[in-house]
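Below, each chain spelled out in residue letters.
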Amino acid sequence: MQFQAPFALLGTALLAGAVVPFQAGANAAMGRALGHPLWATVVSLGVSMLCVIPVMLAMKVPFPSLGNLAGQPKWIWAGGLAGVIYITAAILVAPKLGAAGFMTAVIAGQLAASLLVDAYGLMGFSARDISPSRLVGILLVVAGVLLIQAGPFLRASSASGSGN
């Protein structure tokens, strides 16, 4: 069983990542339909809530003790803010960069921030050294972002250069 657990976790993470481009596309279409991306953010978060509440009821998840929040660090509220930033950015940027361009940029940003979180042991994570292999891995992802966006950037620069 120990051998299967990491693969199940990895598979779950891959599945979670696989739905993100679809989320970005759906939310962008919702923003166009509603006339403003922030309304799409509100609808997306509302649909999330409507989906998770029945699951919680079916699983008989007990109500939380809100008193436990009083002694917690203030940064624990940042998750909601991060969700709003990500969803709104996806609505605004994904249609312009395309799914692959947006997702590789998001992943590069996630990896760079994750490296800092690990290096300094932020957000309750254990500190981990920034190794050369981790830096090379992130640089390869950044190179991937540049390669995926090379076509659009080259077209944009040639279009702006041809008008002079």
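This structure is a prediction, so every number in the text was calculated from the model and none was measured.

Participant: Can you help me understand the overall build of the protein chain in this one?
Facilitator: Across its full length, the protein chain carries four helices and zero strands. Within the protein chain, the proportion of its 164 residues that are buried is 16%. If you take every contact in the protein chain between residues at least 6 apart in sequence, the share linking residues at least 24 apart comes to 55%. For the protein chain, the accessible area works out to roughly 11,900 Å², and carbon and sulfur atoms hold 75% of it.

Participant: Would you take a moment to explain the pattern of salt bridges for this structure?
Facilitator: Pairs can form between side chains of opposite charge whenever their charged atoms are close. Across all of its chains, the model carries one salt bridge by this definition. Linking Arg134 and Asp118 is a salt bridge whose minimum nitrogen-to-oxygen distance equals 2.6 Å. One end of the pair, Arg134, is in helix H4 (residues 132–162); the other, Asp118, is in helix H3 (residues 78–120), with 16 residues separating them in the sequence. What makes Arg134 partly exposed here is its relative accessible area of 28%.

Participant: Sorry, what's going on with the packing of helix H2 (residues 37–58) against H3 here?
Facilitator: Helix packing geometry: the angle between the two helix axes and the distance between the axes. Viewed as axis vectors pointing N to C, H2 and H3 meet at an angle of 130°, and their least axial separation amounts to 9 Å. Taken together, the axes of H2 and H3 are oblique relative to one another. For the pair H2 and H3, the crossing hand works out as right-handed. Judged by residue contacts, Pro37, Leu38, Ala40, Thr41, Ser44 and Leu45 of H2 engage Val84, Ile87, Thr88, Ile91 and Leu92 from H3.

Participant: Whenever I open this one, the nonpolar core confuses me. Can you help?
Facilitator: Across soluble globular proteins, nonpolar side chains show a tendency to be buried alongside one another. Core analysis: the biggest nonpolar cluster contains seven residues, these being Val20, Ala24, Ala90, Ala94, Phe102, Met103 and Val106. At the level of secondary structure, the elements contributing two or more residues to this core comprise helix H1 (4–34) and H3. Sort the elements by how many residues they give to this core and H3 lands first, with five residues.

Participant: Even after reading the chapter, I still don't get H3, so can you show me in this structure?
Facilitator: An α-helical turn contains 3.6 residues, so a residue and the one three or four places further along point in the same direction. Compared with the 63 Å implied by 1.5 Å per residue over 43 residues, the 17 Å span of H3 between its first and last C-alpha is markedly short. The largest bend in H3 is about 120°, located at Gly98. Taken from the residues just after H3, Gly121 is the one with a positive phi, measuring 60°.

Participant: It is not clear to me how the UniProt feature "transmembrane region" (unreviewed entry) in the protein chain should be interpreted in this structure. Could you clarify?
Facilitator: On the UniProt side, "transmembrane region" (unreviewed entry) is annotated at positions that read residues 38–63, 75–94, 100–123 and 135–154 here. In residues 38–63, helix accounts for 81% and strand for 0%; the two terminal C-alpha atoms are 29 Å from one another. Helix makes up 88% of residues 100–123 and strand 0%. Its end C-alpha atoms lie 29 Å apart.

Participant: What am I meant to see in H2 here?
Facilitator: Over its 22 residues, H2 runs 32 Å from end to end, which matches the ideal 32 Å to within 8%, given 1.5 Å per residue. The complete set of buried residues in H2 reads Pro37, Ala40, Thr41 and Ser44. Along the long axis of H2, the arc covered by the buried residues comes to 105°, so they all point the same way. Residues Trp39, Leu50 and Leu57 are exposed on H2 and point more than 90 degrees away from its buried face. Immediately downstream of H2, the backbone of Lys60 shows phi near 55°, a positive value.

Participant: Looking at this model, I keep getting lost on the side chain of Asn27. Mind explaining?
Facilitator: As for its placement among the helices and strands, Asn27 is situated in helix H1. You can call Asn27 buried: its relative accessible area is 8%. Once you skip the residues sitting within four places of it in the chain, Asn27 turns out to touch Ala40, Ser44, Ile87 and Ile91.

Cut-offs used in this document
Residues numbered from 1 in each chain as written. Predicted model: local features only at pLDDT ≥ 70, side-chain atom pairs only at ≥ 80, totals over all residues. Heavy atoms only, no water. Helix = DSSP H or I, 4+ residues; strand = E, 2+ residues; numbered from the N terminus. Buried < 20%, exposed > 50% of the residue type's maximum accessible area, 1.4 Å probe, protein only. Contact = heavy atoms within 4.5 Å. Areas by Shrake-Rupley, 256 points an atom, 1.4 Å probe, with all protein chains shown as cover. Salt bridge = Lys/Arg side-chain N within 4 Å of Asp/Glu carboxyl O. Axes fitted to C-alpha atoms, helices over the stretch in contact; angles between N-to-C directions. Parallel < 35°, antiparallel > 145°, perpendicular 65-115°, else oblique. Left-handed = near helix turned anticlockwise from the far one by under 90°. Core = buried A, V, L, I, M, F, W, Y, C linked by side-chain atoms within 4.5 Å. Expected span 1.5 Å × (residues − 1). Bend = angle between axes of the 7 residues up to and from the residue. UniProt positions renumbered as here; feature names shortened; annotations may be inferred. Arc of directions from axis to C-beta.

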